[in-house]
Amino acid sequence: MKKFTITLSFVLVAFLVVGCGCKKKDIDKSKSNDKITKVISNLKISDSKIFEGLDIINDNTLETILGINKNFVSEYSIGMSKYNYDKLYAIIKPKKGQEESIKVAMKLYIDSAKEQYKDYKVEDGIDYKKLYDEYLYEEYKGYQIYIVSEKNKEVLSEIKKLIK
């Protein structure tokens, strides 16, 4: 009996060490496009980095800051200023049927920024109110692109090169 108990114990320990053969569940992969984010974050136009020092939005902050459910997008790359609204880029590929909800969420965010800057004076040569009044929005290959910078058209051109 002692021999049987030792053998059974050994078999049980072997199963615990090896595992039960169950497959691990796939971890919910982030929908953030890190390649595009890295290129845009380091984008230089006229020898200056356009989006230097921006916070990069992840799956958690996508909903808490912008009000966009991560299940509504198939891919995104978003950078925004940490403490204010002075610069923004958002490249979002909505899932089919969610295009309008993404537009509404982004419009609310941009309108909030416009409200913050409505009485704002020009600082360091930058008219932030004008930046938001003249923000760029374009749809390209299924992506919604939002840009708030001093070089919107140049940035858009670079983004189009990255989207395949």
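Residues numbered from 1 in each chain as written. Predicted model: local features only at pLDDT ≥ 70, side-chain atom pairs only at ≥ 80, totals over all residues. Heavy atoms only, no water.

### Focus on the pattern of salt bridges
Then step 1. Following the criterion strictly, the structure yields 5 salt bridges and no others.
Then step 2. Put simply, aspartate 133 and lysine 129 hold a salt bridge, and the shortest N to O gap is 2.8 Å. Here the residue aspartate 133 and the residue lysine 129 both occupy positions in helix 5 (residues 128-133), the gap between them amounting to 4 residues, near one helical turn.
Then step 3. Using a relative accessible area of 33% as the deciding quantity, one classes lysine 129 as partly exposed.
Then step 4. The salt bridge partner of glutamate 158 is lysine 161, with a shortest N-O separation of 3.2 Å. Of the two residues, glutamate 158 and lysine 161 both sit in helix 6 (residues 152-162), 3 residues apart, roughly one turn of that helix. (Salt bridge = Lys/Arg side-chain N within 4 Å of Asp/Glu carboxyl O. Helix = DSSP H or I, 4+ residues; strand = E, 2+ residues; numbered from the N terminus. Buried < 20%, exposed > 50% of the residue type's maximum accessible area, 1.4 Å probe, protein only.)

### Observations concerning helix 4 (residues 99-117)
Then step 1. Taking 1.5 Å as the rise per residue, helix 4 with 19 residues should run 27 Å; its terminal C-alpha atoms sit 27 Å apart, in good agreement.
Then step 2. Looking only at helix 4, the buried set comprises Ile102, Ala105, Met106, Tyr109, Ile110, Ala113 and Tyr117. Buried positions in helix 4, seen along its axis, are confined to an arc of 125° and lie on one side of it. Every exposed residue of helix 4 that faces more than 90 degrees away from the buried side is listed here: Glu100 and Leu108.
Then step 3. At its buried positions, helix 4 is contacted by helix 3 (59-66), strand 4 (73-80), strand 5 (88-94), helix 5 and strand 7 (143-148). (Expected span 1.5 Å × (residues − 1). Arc of directions from axis to C-beta. Contact = heavy atoms within 4.5 Å.)

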